[in-house]
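So the chains spell out like this:
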Amino acid sequence: MNRKQFLQQVTSFIRSKPAQQYVEKELNQHIHHAKKAWVDKGYQEVEAEALAVQHMGSPMTLGKELGKVHKPKMDWVIIVLVALLVACSFLPLVGSDSMLWRHVLHIGIAIIIIVCFILLDVQRFLKTRFIFYAILALFALLFYSTHTVNGERIFFIGSLRVTVWHTLPLFCIAWAVLFSNRAIKLWRALFFVGIGSLAIAVTGSMVTLLVFSMMSFVMLLKGHFERKQKMGIIIGAIALITISILAIMSNHVFQPYQLDRLQGFFHPVEHADGSGYVYLRINEVVENAKWFGAIETDFFIEHSTDFVFLQLIKYYGYFVGIAVAILLLGLIVRMCKHSMHQPASFAKLLIVGASTLFATQALYALAMGVGLTPIIGVPLPFITYGLTPTVMNACLIGLVLSVYRRKSYIFSN
């Protein structure tokens, strides 16, 4: 049996084509080194290759073993956690039939997106500039648009609303490609991050800028850069935060209405008739909530607002609120665990970026829901009503599951 026949028989037991290519490359290397050893002992080329192939063992036995090792994997823990969160997302919509059916449509679209990402070989992103073109196209649409909501640029494609929020999964993939490339110097990486930050800031979405900045910072720290460079990134981030705080205190950064909202958060009693009113009512709901069931209060919370976590506590009690928080934290821990166990830089950065985006939203929204942080409109993943946050978080979960599915071979190099 020659080398080609041996490799064909072995790879015939492996389902995934990328896994077949990986195994064929590895076995070729083993056969090449074994053949060289036999040639050094005085054997001819043909004889040496035959002996090298023979000593590899039975192709059927080897193929079956490798087929088990490289069988596509599925993280059912993440899938179950997401399914439970989706089930909880219907609780705030009870009694609103129109929103309920639209939410079913949103969840259906999210499921399709997750399945598409699972089937997608994300390693293809390393060989294409499509992601960068997609980011540029989205920003071009946003800059061209004349529609604004609360100061944020929005572009409409029919009834579909495109916002800068949709660029975050694309930036996650783009940064994973850039920061895993050892040919990219730190100054170039920081330049790209700066351009991205400026573009997001121009669209007027401070929430997106906050989440983007956190994701970029964590991915830079997990990139290929040297330890001294990473220390410089940390020091630079601390300096930037300090400057931002001083600028806020000097009242030269925010618009008057934004300053009023901040004062309402820090001094709700003094601004009880204005911006502090909502924080006082949030505290009232949190303090009077029961473990199970609804409480009597005249504080009305709409179904589609960012107070969805507070709404769960108000109508269903602490138990449901804590259960949702545990599901979200469990999902974050699971995603972070995958990043720790992934040796390859590109794969690790993909999961790190997705985990950071998801965790930043979840933790801030949970704190915002009980009045611990200012209200800035951060959605609670898979709970907040709306197509945009649902689609974005579906992309993040899909990326993580795609990497996990191929973890045995796809990023071994």
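Cut-off values and rules
Residues numbered from 1 in each chain as written. Predicted model: local features only at pLDDT ≥ 70, side-chain atom pairs only at ≥ 80, totals over all residues. Heavy atoms only, no water. Helix = DSSP H or I, 4+ residues; strand = E, 2+ residues; numbered from the N terminus. Buried < 20%, exposed > 50% of the residue type's maximum accessible area, 1.4 Å probe, protein only. Contact = heavy atoms within 4.5 Å. Areas by Shrake-Rupley, 256 points an atom, 1.4 Å probe, with all protein chains shown as cover. Patch = residues over 30% accessible without salt bridge, like charges linked within 9 Å, V, L, I, M, F, W, Y side chains within 5 Å. Salt bridge = Lys/Arg side-chain N within 4 Å of Asp/Glu carboxyl O. Expected span 1.5 Å × (residues − 1). Phe/Tyr/Trp six-rings, centres within 6.5 Å; stacked < 30°, edge-to-face > 60°. Core = buried A, V, L, I, M, F, W, Y, C linked by side-chain atoms within 4.5 Å. Polar contact = N/O pair within 3.5 Å; in protein donor to acceptor, adjacent residues only side chain to side chain. Axes fitted to C-alpha atoms, helices over the stretch in contact; angles between N-to-C directions. Left-handed = near helix turned anticlockwise from the far one by under 90°. Nonpolar A, V, L, I, M, F, W, Y, C, P; charged D, E, K, R; others polar.

Student: So what exactly am I meant to see when it comes to the overall build of the protein chain here?
Tutor: Counting its secondary structure elements, the protein chain contains 17 helices and three strands. Looking at the 413 residues of the protein chain, the share that counts as buried comes to 46%. Pairs at least 24 apart in sequence give 68% of the contacts found in the protein chain among residues at least 6 apart. Roughly 21,800 Å² of accessible area belongs to the protein chain as shown, and the carbon and sulfur atoms make up 64% of that amount.

Student: How do you make sense of a nonpolar patch on the surface when you look at a structure like this?
Tutor: There is a patch of nonpolar side chains on the surface, built from Trp291, Phe292, Phe319, Ile322 and Ile326 and spanning about 590 Å² of accessible area. Among the structural elements, Ile326 can be located in helix 15 (residues 318–340). Using a relative accessible area of 55% as the deciding quantity, one classes Ile326 as exposed.

Student: It is not clear to me how the environment of Phe266 should be interpreted in this structure. Could you clarify?
Tutor: Relative to the elements of secondary structure, Phe266 occurs in helix 12 (residues 256–266). The spacing of Phe266 and Thr373 is 107 residues in sequence and 9.5 Å in space, taken between C-alpha atoms.

Student: Whenever I open this one, helix 6 (residues 97–119) confuses me. Can you help?
Tutor: Side chains that are three or four residues apart share a direction in an α-helix, a result of its 3.6 residues per turn. In a regular helix each residue adds 1.5 Å, so 23 residues correspond to 33 Å; helix 6 covers 33 Å between its end C-alpha atoms and thus fits that length. The set of residues buried in helix 6 consists of Met99, His103, His106, Ile107, Ala110, Ile113, Ile114, Phe117 and Ile118. Each element contacted by the buried residues of helix 6 is listed here: helix 5 (76–89) and helix 17 (387–405).

Student: What am I meant to see in the packing of aromatic side chains here?
Tutor: Aromatic ring pairs are defined here through the distance separating the ring centres and the angle between the ring planes. Throughout the structure, instances matching the rule amount to nine aromatic pairs. Between the aromatic rings of Trp175 and Phe179, the centroid separation amounts to 5.5 Å while the plane-to-plane angle is 25°, which identifies the pairing as stacked. One end of the pair, Trp175, and the other, Phe179, are both in helix 8 (residues 167–179), four residues apart, so they sit about a helical turn from each other. Taking the centre distance of 6.4 Å and the plane angle of 45° together, the rings of Phe358 and Phe382 count as tilted. Placement of the pair is Phe358 in helix 16 (residues 345–369) and Phe382 in the loop between helix 16 and helix 17, with a sequence separation of 24 residues. Three or more aromatic residues joined by ring pairs make a cluster, and in this case those are Phe171, Trp175, Phe179, Phe212 and Phe225.

Student: What exactly am I supposed to notice about the nonpolar core here?
Tutor: What tends to happen in soluble globular proteins is that the nonpolar side chains get buried as a cluster. One finds Trp175, Phe179, Val324, Leu331, Phe358, Leu380 and Ile397 to be the most contacted residues of the largest nonpolar core, which totals 92 residues. In terms of residues, this core owes the most to one element, helix 16, which gives 15 residues. Contact partners of Leu380, with chain neighbours within four places excluded, come to Val308, Phe309, Val324, Leu328, Ala362, Ala365 and Leu366. In terms of nonpolar packing, the next biggest core, distinct from the first, is built from 12 residues, Phe6, Ala48, Ala52 and Val53 among them.

Student: Teacher, can you tell me more about the pattern of salt bridges here?
Tutor: Two side chains that carry opposite charge are able to pair once their charged atoms sit near each other. This structure, assessed with the given rule, holds two salt bridges. The salt bridge partner of Asp75 is Arg334, with a shortest N-O separation of 3.0 Å. Placement of Asp75 in the loop between helix 4 (59–69) and helix 5 and of Arg334 in helix 15 is noted, with a sequence separation of 259 residues between them. Among the ionic pairs, Glu284 bridges to Arg281, the shortest N-O distance being 2.8 Å. You can see Glu284 and its partner Arg281 sitting in helix 13 (residues 277–288), three residues apart, about one turn around the helix.

Student: I tried to follow the side chain of Asn393 on my own but got confused; where do I start?
Tutor: Here Asn393 is to be found in helix 17. Relative accessible area serves as the criterion here: at 0%, Asn393 is assigned to the buried category. In terms of polar contacts, Asn393 uses its side chain to reach the backbone carbonyl oxygen of Pro389, at 2.8 Å. Here Asn393 is in contact with Phe358, Gln361, Pro381 and Phe382, once residues within four sequence places are set aside.

Student: How should the packing of helix 16 against helix 17 be read in this particular structure?
Tutor: Angle between the axes and distance between the axes: these two values describe a pair of packed helices. Relative to each other, helix 16 and helix 17 sit at 150°, their axes nearing to 9 Å. For the crossing formed where helix 16 meets helix 17, the hand is left-handed. Taken together, the residues of helix 17 that come into contact with helix 16 (itself represented by Ala347, Leu350, Ile351, Ala354, Leu357, Phe358 and Gln361) are Met392, Asn393, Leu396, Ile397, Leu399, Val400 and Val403. Looking at side-chain class alone, the contact of helix 16 with helix 17 contains 12 nonpolar, two polar and no charged residues.

Student: Got a minute to help me understand the environment of Trp165 in this structure?
Tutor: For Trp165, the location among the structural elements is in the loop between strand 3 (160–162) and helix 8. Taking the C-alpha atoms as reference points, Trp165 and Ser205, separated by 40 residues in sequence, lie 8.4 Å from one another. In contact with Trp165, other than residues within four places in its own chain, are Val207, Thr208, Val211, Gln361, Pro379, Thr388, Pro389 and Met392.

Student: How should I be thinking about the side chain of Ser402 in this particular structure?
Tutor: With respect to the helices and strands, the residue Ser402 is situated in helix 17. Relative accessible area serves as the criterion here: at 0%, Ser402 is assigned to the buried category. Excluding residues within four positions of it along the chain, Ser402 makes contact with Phe117, Ile118, Leu120 and Val122.

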